[in-house]
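# Per-entry structural report
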Amino acid sequence: MHHAQKSQVIAPTLFLSDADVASLADWSTAVAALAEAYAHPASDAMVPPRSMARGDGIWLRSLTAVPPTGGHMGCKLIAASMRARCASYLIALFNQQTMALSALIDGNRVTGLRTAATAALAVDLLAPKRALRVGVIGSGFEARGALDCLKSVRDVAHVRVFSPTPASRERFAESFRPGLDIQAVNSAQEAVQDCDVVICAARSRDESPVLQGAWLCPGATVVSLGSTLPEQREVDPVTMERAVCIVADMPQEVLHDTGDAIAAISAGVYVADKLVALSDLVAGRVNPRQKESDIVLYKSVGSALQDVVIAQALYERARQQGLGIELPASIVPVSK
């Protein structure tokens with residue numbers, strides 16, 4: 001019979017519910033936390049590839065990261081059922097010094113927070129330093145988050161939004177009024193013409209691209225958030241070809257695992273030659289544009305580093321504000 005090791009009781013674990021996360025979420029805090037994390041070099045070992053356990057019509061994905069800025073390390077777990085068409089998310093944060101389980105966080109909103117905040121960070125570094133003309137393709141929660149976060153970090157002159165359903169694009173536009181000059185338009189081409197920034201957060205039912213590179217005006221900054229798997233398409237090969245620089249949060253995943261890059265490569269576009277890491281952009285190691293008329297693209301697949309950094313920011317705000325439920329926790333000593 002094995003005797004359990006004597007565990008040491010330590011600081012309680014904080015549980016943050018979905019409602020807690022909703023009240024703690026703050027765009028400027030999220031963008032600042034990501035900017036700090038991406039300014040520090042992180043090895044591949046610190047942010048390994050995601051892993052997936054599969055059952056019959058169900059899967060459990062895990063994304064783990066040790067941020068280079070210290071503080072906490074953590075994982076995001078996503079459980080999903082294709083049959084029941086539902087998913088749930090959990091983020092666990094461990095103190096990098098003591099190994100204590102600092103927090104368990106309902107991760108439902110965190111993916112949206114990190115996607116929007118990382119996109120805003122990239123756009124802030126890529127787009128011209130003036131009030132921005134923004135075109136949005138899509139009217140779902142990703143499009144909403146991306147625009148909401150962008151307008152918290154930059155001045156937005158005006159916005160045009162397109163999605164195939166007139167009622168949803170009108171509803172999207174209405175939700176940003178008053179306070180933003182925004183109109184719903186009848187085509188994706190109309191939404192993106194003459195824009196400094198084009199936000200793509202939508203895919204068509206047949207996975208044909210929603211953005212044609214021919215529509216882009218010189219100097220445009222394109223953000224592609226909606227296509228993260230090999231079978232998904234969002235921007236066409238001309239967009240990838242016209243971009244002089246493609247910034248990626250996870251360069252190898254963007255190159256090998258996104259339908260946009262796969263289609264562009266098979267059309268003869270040298271994607272790898274112009275792919276740069278978001279960390280190199282944030283740290284100032286790359287100059288994405290040689291001239292003002294150059295088109296650049298930020299392509300996102302999402303990363304555990306983003307999830308953990310956002311979760312840590314939420315945890316710190318919860319501690320300051322006295323939110324969350326404290327749970328007992330313990331640490332077990334490990335023999336050498």
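As a reminder, the structure under discussion sits directly above these lines.
Let us look at the structure shown here.

What counts, and where the lines are drawn
Residues numbered from 1 in each chain as written. Predicted model: local features only at pLDDT ≥ 70, side-chain atom pairs only at ≥ 80, totals over all residues. Heavy atoms only, no water. Helix = DSSP H or I, 4+ residues; strand = E, 2+ residues; numbered from the N terminus. Rg over C-alpha atoms; globule rule 2.2 N^0.38 Å. Buried < 20%, exposed > 50% of the residue type's maximum accessible area, 1.4 Å probe, protein only. Areas by Shrake-Rupley, 256 points an atom, 1.4 Å probe, with all protein chains shown as cover. Lys, Arg positive; Asp, Glu negative; His and termini not counted. Charge placed at Lys NZ, Arg CZ, Asp CG, Glu CD. Phe/Tyr/Trp six-rings, centres within 6.5 Å; stacked < 30°, edge-to-face > 60°. Lys NZ or Arg CZ within 6 Å of the ring centre and 35° of its normal. Contact = heavy atoms within 4.5 Å. Polar contact = N/O pair within 3.5 Å; in protein donor to acceptor, adjacent residues only side chain to side chain. Pairing = 2+ DSSP bridges. Axes fitted to C-alpha atoms, helices over the stretch in contact; angles between N-to-C directions. Expected span 1.5 Å × (residues − 1). Core = buried A, V, L, I, M, F, W, Y, C linked by side-chain atoms within 4.5 Å. 1 Å grid on protein atoms, 1.4 Å probe; cavity = no way out; pocket = protein on both sides within 12 Å on 5 of 7 lines; lining within 4 Å. Points joined across faces, edges and corners; volume = space filled by probe spheres on them. Parallel < 35°, antiparallel > 145°, perpendicular 65-115°, else oblique. Nonpolar A, V, L, I, M, F, W, Y, C, P; charged D, E, K, R; others polar.

Right, let's get into the overall build of the protein chain. A count of helical and extended segments in the protein chain gives 11 helices and 17 strands. Against the globule reference of 20 Å for 336 residues, the protein chain gives a C-alpha radius of gyration of 21 Å, in line with a compact fold. The C-alpha extent of the protein chain, read off along each of the three principal axes, is 70 × 45 × 45 Å. Relative to its 336 residues, the protein chain shows a buried fraction of 49%. Looking at the protein chain as shown, the accessible area adds up to about 15,800 Å², and 53% of this sits on carbon and sulfur atoms. Counting 31 positive and 34 negative side-chain charges, the protein chain places the averaged centre of each group 2 Å from the other.

With that out of the way, let us pick up the packing of aromatic side chains. Scanning the entire structure with this criterion turns up one aromatic pair. Both rings, one in Phe172 and one in Phe176, keep their centres 5.1 Å apart while their planes meet at 50°; by these two values the pair is tilted. Between the NZ or CZ atom of Arg61 and the centre of the ring of Trp59, over which it lies, the distance is 5.1 Å.

Assignment of secondary structure puts Ser51 in strand β3 (residues 51-54). Distance in space between the C-alpha atoms of Ser51 and Ala318 is 29 Å, their sequence separation being 267 residues. Not counting residues up to four positions away in its chain, the partners in contact with Ser51 are Leu60, Arg61 and Ser62. A distance of 2.8 Å separates polar atoms of two side chains, one belonging to Ser51 and the other to Ser62.

Our focus in this paragraph is the sheet that holds strand β13 (residues 243-248). In a beta sheet, neighbouring strands are held together by backbone hydrogen bonds and run either parallel or antiparallel to one another. The eight strands are arranged β10-β9-β8-β11-β12-β15-β13-β14 in an open sheet whose pairing can be described as parallel. Each of the sheet's edge strands pairs with one partner strand only, and the pair in question is β10 (182-184) and β14 (275-277). With direction set aside, neighbouring strand axes in the sheet form an average angle of 20°. One ladder, built from four bridges, connects strand β12 (residues 221-224) with strand β15 (residues 295-299); its direction is parallel. Note on β15: the bridge partner recorded for Val223 is Tyr298.

Between its terminal C-alpha atoms helix α3 (residues 110-126) stretches 24 Å, which fits the 24 Å expected from 17 residues at 1.5 Å a residue. The element α3 is largely enclosed, with a buried count of 14 among its 17 residues.

The next point concerns unusual backbone geometry. Residue Pro178 follows Arg177 across a cis peptide bond; omega there is -15°. Here Pro178 lies in the loop between α5 (166-175) and β10. A positive phi angle, close to 50°, is found at Arg85, a residue other than glycine. Of note in the backbone geometry, Met99 takes a positive phi value of approximately 70° without being a glycine. By the secondary structure assignment, Met99 is in the loop between β6 (86-95) and β7 (101-106).

This next bit is on the nonpolar core. With 103 residues, the main nonpolar core has Val134, Val136, Leu147, Leu211, Met240 and Tyr298 as its most contacted residues. In contact with Val136, not counting residues within four places along its chain, are Ala143, Leu147, Val159, Arg160, Val161, Phe162, Phe172, Ala191 and Ile199.

Its place among the elements puts Val247 in strand β13. On a C-alpha basis, the gap between Val247 and Leu297 in space is 6.1 Å, while along the polypeptide they are 50 residues apart. Those residues in contact with Val247 that sit more than four places away from it in its chain are Leu126, Val276, Ala277, Leu278, Leu281, Leu297, Tyr298 and Lys299.

Attention now moves to the layout of surface pockets. Put simply, the largest pocket is a space of about 1,200 Å³. Forming the walls of the largest pocket are 37 residues, and the residues nearest its centre are Trp59, Arg61, Tyr89, Thr228 and Gln232. Within the residue set of the lining of the largest pocket, elements represented by two or more residues are β3, β4 (58-65), β5 (72-81), β6, α3 and α4 (141-153). In terms of residue count, the dominant contributor to the lining of the largest pocket is β5 (four residues).

Any two packed helices are characterised by the angle at which their axes cross and by the distance between the axes. Axis separation between α3 and helix α11 (residues 304-321) bottoms out at 9 Å; the angle between their running directions is 105°. Classified by the angle their axes make, α3 and α11 are roughly perpendicular. Of the residues in α11, those in contact with Val110, Thr111, Leu113, Arg114, Ala117 and Thr118 of α3 are Gln306, Asp307, Ile310 and Leu314. For the contact of α3 with α11, the residue count by class is five nonpolar, three polar and two charged.

Here Lys299 is to be found in strand β15. Judged by its relative accessible area of 0%, Lys299 is buried. Aside from chain neighbours lying at most four places away, what touches Lys299 is Ser224, Ser227, Glu234, Ile246, Val247, Ala248, Asp249, Val254, Thr258 and Asp260.

Quick look at the sheet that holds β6 now. Ordered in space as β3-β4-β5-β6-β7-β2-β16, the seven strands form an open sheet in which the pairing is mixed. Of all the strands in the sheet, the pair left with one neighbour each is β3 and β16 (325-327). Strand-to-strand, the axes of this sheet are offset by a mean angle of 20°, without reference to chain direction. Along the sheet, α11 makes contact with β2 (13-16), β4, β5, β6, β7 and β16, crossing β5 at roughly 110°.

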